Amino acid sequence: MLDRLRPHRASADPTATRDPLAHSPVEDVLGVLTGTFVSSLGLFLLKSTGAVTGGTAGLSLLLSYVVPLPFGVLFLLVNLPFFALAVWKKGWVFTLRTALSVSLVSGFSLLVPLAVDLDRIDPVFAVIAGNLLAGVALLILFRHRSSLGGVNILALILQERLGWRAGYVQMAIDVTIVACAFAVAPVPTVLLSAAGAVLLNLVLALNHRPGRYHGV
């Protein structure tokens, strides 16, 4: 009789069916906080030199140079239309995580300039470091089932549905966005920004592949 009851007790244990490789809620929270903070630092470096990048972050940077609104506010506004796409294709959990990540980046982007004052920074270093930080931040967010909205959502959907690498998809869109910077930035800055956007997306293309990472 006792032997018959033991399997039933094991199946009633909610931890019995949990994937031991899956992230815990605490890990997800810390991962999202880390990813969004690192991203805000990268974007701060780019903005400090007047550079741009791809995606909605790049579009928001462009707008911040011509519209009298902080980058954080513009970043949140630009991402709003993409949340509907995220709900449709990725579900509410991913969408809510992404909305939280976008909001955190917007908030951190308002706080970082208050804590950091750069008197001088080499533009090449700023673009390289800024895009590397942004790329690492996106990897962290992707692995915790989140993103920074906009192009990231579209790239992830195309990767899952068609097998296209998220990094390469985003690279094509980002180059187009960066090209629009010719209207508001000097040619050397735009060319440097384009190289930085390619660097960011190479980080994603080389490190984010379905099935390679099993902690999600």
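Just so we're clear, the structure is a prediction, and the values are computed from it rather than from any experiment.

Asker: Would you mind going over the packing of aromatic side chains with me for this structure?
Answerer: What describes a pair of aromatic rings is the distance from one ring centre to the other and the angle between the planes of the rings. A complete count under the given rule lists two aromatic pairs for this structure. Both rings, one in Phe37 and one in Phe108, keep their centres 5.4 Å apart while their planes meet at 85 degrees; by these two values the pair is edge-to-face. Of this pair, Phe37 sits in helix α2 (residues 25-48) while Phe108 sits in helix α4 (residues 71-115), and the two are 71 residues apart along the sequence. With a relative accessible area of 38%, Phe37 lands in the partly exposed category.

Asker: Sorry, what's going on with the nonpolar core here?
Answerer: Inside soluble globular proteins, nonpolar side chains tend to come together where they are buried. In terms of nonpolar packing, the biggest core is built from 36 residues, with Leu43 and Phe75 touching the most fellow members. Broken down by secondary-structure element, the contributors of at least two residues to this core are α2, α3 (55-66), α4, α5 (123-142), α6 (151-162), α7 (166-179) and α8 (187-207). The greatest single-element share of this core, amounting to seven residues, is contributed by α4. Leu43 has contacts with Thr53, Ala57, Leu61, Phe71 and Val105, leaving out every residue within four places of it along the chain.

Asker: Would you explain a nonpolar patch on the surface in this entry?
Answerer: On the surface, Leu69, Val73, Leu76, Leu77 and Leu80 cluster together into a nonpolar patch covering about 370 Å² of accessible area. Residue placement: Leu77 occurs in helix α4. Judged by its relative accessible area of 45%, Leu77 falls in the partly exposed class.

Thresholds, definitions, all that
Residues numbered from 1 in each chain as written. Predicted model: local features only at pLDDT ≥ 70, side-chain atom pairs only at ≥ 80, totals over all residues. Heavy atoms only, no water. Phe/Tyr/Trp six-rings, centres within 6.5 Å; stacked < 30°, edge-to-face > 60°. Helix = DSSP H or I, 4+ residues; strand = E, 2+ residues; numbered from the N terminus. Buried < 20%, exposed > 50% of the residue type's maximum accessible area, 1.4 Å probe, protein only. Core = buried A, V, L, I, M, F, W, Y, C linked by side-chain atoms within 4.5 Å. Contact = heavy atoms within 4.5 Å. Patch = residues over 30% accessible without salt bridge, like charges linked within 9 Å, V, L, I, M, F, W, Y side chains within 5 Å. Areas by Shrake-Rupley, 256 points an atom, 1.4 Å probe, with all protein chains shown as cover. Salt bridge = Lys/Arg side-chain N within 4 Å of Asp/Glu carboxyl O.

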